[in-house]
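Below are the chains, spelled out letter by letter.
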Amino acid sequence: MLIPPQGRLRCGVFFRQTQSVIVRHYAKKGKEVDKATLAEMEKQYQKFANTSSKSLLKKHLTKEIFDKLKTRTTPSFNSTLLHCINSGMCNPDSGVGIYAPDAESYKVFGAIFDPIIEEYHRGFKKTDKHPESCYGSGKDFANLDPDNAFIVSTRVRCGRSVQGYPFNPCLTEQQYAELEYKLCSALHSLEGEYYGSYMPLAGMDKQMQQKLIDDHFLFKEGDRFLEAAGASRFWPNGRGIFFNKKRNFLVWVNEEDHIRIISMEKGGDLGRVYDRMIGGVEALGKKVKFSRDERLGFLTFCPTNLGTSIRASVHIKLPKLNENKEKMQKLADKYHLQVRGTSGEHSEAKGGVHDISNKRRMGLTEYEAIKEMHDGIKALIKAECNA
Ligand code: ARG
């Protein structure tokens, strides 16, 4: 067992220590990676390099890049390369395999983040700049499935980080509580269709929790990808969910990101769902300051969510295409869509219901991200009808 500067490192899972330690490191800035951490990183990397992982991390983390980055730390939190890649190395079945423990990591470890970002977001280069926000209007998008033949439900979400707070792996228990308090107060002041109430995860009845998960309202528990990324510390403290009265507007607090703003409802009225999300994010943005980077757009813990952070999805049944998975995947690739199972990523499609969404979120505006999903889903439905 080793004791790196950030905390205990065990079986490839790291933990950060209490606030006093973090605060002390703040003052020190950019501490050297100690020998024991370095040795552990080398050992894990060797093992990982020999796996047949298909992740973007495996593809892009060459020995050369690994060697270049392994001795670096971020100035404010002393985050190491290991903090970024632990999840991907512990979970070779990752699709991506990397998280930013703090915002500075995107720069300090840019040699590995940049190529992964470029591939995931289909060509967002390290010299590119994410455009200004432009939501446009949901009115431009007609119902994707007016006869209710294919789409079970539609969901649009975005993620936000709160200015002045690091991402999950660097948050202290006190900061979790502070963030929860701030967000809970802000959420409780929302009005009109956004009026609702916050339910903390701590102390939530297990049966109710499972029901909320089964109904696709609440995030799952025990995500091994997040856990290995250091994002489950002090769980369930500081985590929770906000609902409006109709339960078609939700906000997740301190799950993967500080904030996830979600609009969802049965059927295929993408425009209405999108407009509700825009209204919610704008209302909340008046009460809480969101972190945004000039180049990267809205800052999130996982590089797949940077930029717009928009994920627009449908739960959809396409029985004929379902018979020909290859064709479905080809079409999805063509329209930059991602196909997931019914309960989200890393899950199976139950009863032929898939969760299909826009894949890239960076290098395009919010409006364009929604349009990309809209056009892709339309094309899939057309292909299903012609199959
Ligand atoms: N780290 C996981 C993987 O690489 C999830 C990546 C994207 N999803 C997310 N929720 N950030 O498969």
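Located above this text is the structure these notes cover.
Everything in this summary refers to the structure shown in the same document.

Cut-offs and rules
- Residues numbered from 1 in each chain as written.
- Predicted model: local features only at pLDDT ≥ 70, side-chain atom pairs only at ≥ 80, totals over all residues.
- Heavy atoms only, no water.
- Helix = DSSP H or I, 4+ residues; strand = E, 2+ residues; numbered from the N terminus.
- Rg over C-alpha atoms; globule rule 2.2 N^0.38 Å.
- Buried < 20%, exposed > 50% of the residue type's maximum accessible area, 1.4 Å probe, protein only.
- Areas by Shrake-Rupley, 256 points an atom, 1.4 Å probe, with all protein chains shown as cover.
- Core = buried A, V, L, I, M, F, W, Y, C linked by side-chain atoms within 4.5 Å.
- Contact = heavy atoms within 4.5 Å.
- Near = heavy atom within 4 Å.
- Polar contact = N/O pair within 3.5 Å; in protein donor to acceptor, adjacent residues only side chain to side chain.
- Nonpolar A, V, L, I, M, F, W, Y, C, P; charged D, E, K, R; others polar.
- Pairing = 2+ DSSP bridges.
- Axes fitted to C-alpha atoms, helices over the stretch in contact; angles between N-to-C directions.
- Salt bridge = Lys/Arg side-chain N within 4 Å of Asp/Glu carboxyl O.
- Phe/Tyr/Trp six-rings, centres within 6.5 Å; stacked < 30°, edge-to-face > 60°.
- Lys NZ or Arg CZ within 6 Å of the ring centre and 35° of its normal.

### Some words on the overall build of the protein
Phase 1: Looking only at helices and strands, the protein features 14 helices and 12 strands.
Phase 2: For the protein, whose C-alpha radius of gyration is 21 Å, the value lies close to the compact-globule estimate of 21 Å for 387 residues.
Phase 3: Based on the C-alpha atoms only, the size of the protein along its principal axes is roughly 65 × 45 × 40 Å.
Phase 4: Going through the 387 residues of the protein one by one, you find that 57% of them count as buried.
Phase 5: Carbon and sulfur atoms provide 52% of the accessible area of the protein, an area that totals close to 16,900 Å².

### Re the nonpolar core
Phase 1: Of all hydrophobic cores here, the largest spans 54 residues; its most connected members are Val 156, Ile 261, Tyr 274, Met 277, Ile 316 and Ile 377.
Phase 2: For Ile 316, the residues in contact, after removing those within four places along its chain, are Phe 150, Ile 151, Gly 352, Val 353, His 354, Ile 356, Ile 377 and Ile 381.
Phase 3: Leu 61, Ile 65, Ile 98 and Phe 167 belong to the second largest nonpolar core, which has 39 residues in total.

### Examining the site of the ligand
Phase 1: Close to the ligand lie Ser 94, Gly 95, Val 96, Gly 97, Tyr 99, Phe 225, Glu 256, Cys 302, Thr 304, Asn 305, Glu 345 and His 346.
Phase 2: For the ligand, an oxygen atom lies 2.9 Å from a polar atom in the backbone of Gly 97.
Phase 3: Separating a nitrogen atom of the ligand from a side-chain N or O atom of Tyr 99 is a distance of 2.8 Å.
Phase 4: Across the complex, the protein chains shield 93% of the 340 Å² of accessible surface that the ligand would expose by itself.
Phase 5: In terms of residue class, the shell around the ligand is built from 4 nonpolar, 6 polar and 2 charged.

### Concerning the sheet that holds strand E11 (residues 337-340)
Phase 1: A sheet is described by the order of its strands in space; here 8 strands give the open sequence E4-E5-E6-E7-E3-E10-E12-E11, paired in antiparallel fashion. A single partner strand is all that each edge strand has here, and the edge strands are strand E4 (196-200) and E11. Across this sheet, the average inter-strand angle for adjacent strands is 20 degrees, counted without regard to direction.
Phase 2: Of the pairings in the sheet, the one linking strand E6 (residues 249-253) to strand E7 (residues 259-266) comprises 5 bridges and is antiparallel in character. Bridging from a neighbouring strand, Val 251 pairs with Ile 261 of E7.
Phase 3: Across the sheet, helix H8 (residues 173-188) lies against E4, strand E5 (240-244), E6 and E7, angled at about 160 degrees from E4, the strand it touches most.
Phase 4: Of the strands in this sheet, strand E3 (151-160), E6 and E7 are in contact with helix H11 (residues 270-285), which crosses E7 at around 150 degrees.

### Brief notes about the pattern of salt bridges
Think of it this way: side chains of opposite charge can pair up when their charged atoms draw near.
Phase 1: Considering all chains together, one arrives at 20 salt bridges under this definition.
Phase 2: In this structure, Asp 355 engages Arg 311 in a salt bridge whose closest nitrogen and oxygen atoms are separated by 2.5 Å. One end of the pair, Asp 355, is in strand E12 (residues 353-358); the other, Arg 311, is in strand E10 (residues 311-317), and 44 residues separate them in sequence. The same class applies to Asp 355 and to Arg 311, which are both buried.

### Digging into the packing of aromatic side chains
Phase 1: All chains considered together, the criterion is met by 11 aromatic pairs.
Phase 2: For the pair Phe 217 and Phe 243, a centre-to-centre distance of 5.6 Å together with 85 degrees between the ring planes defines the contact as edge-to-face. Remark: Phe 243 occurs in strand E5 and Phe 217 occurs in the loop between helix H9 (206-214) and helix H10 (224-228); sequence separation between them is 26 residues. Comparing Phe 217 with Phe 243, the two get one shared label, buried.
Phase 3: When the ring centre of Phe 298 is taken as origin, the NZ or CZ atom of Arg 292, which lies over that ring, is 4.7 Å away.
Phase 4: It is Lys 359 that lies over the ring of Tyr 120; its NZ or CZ is 4.5 Å from the centre.

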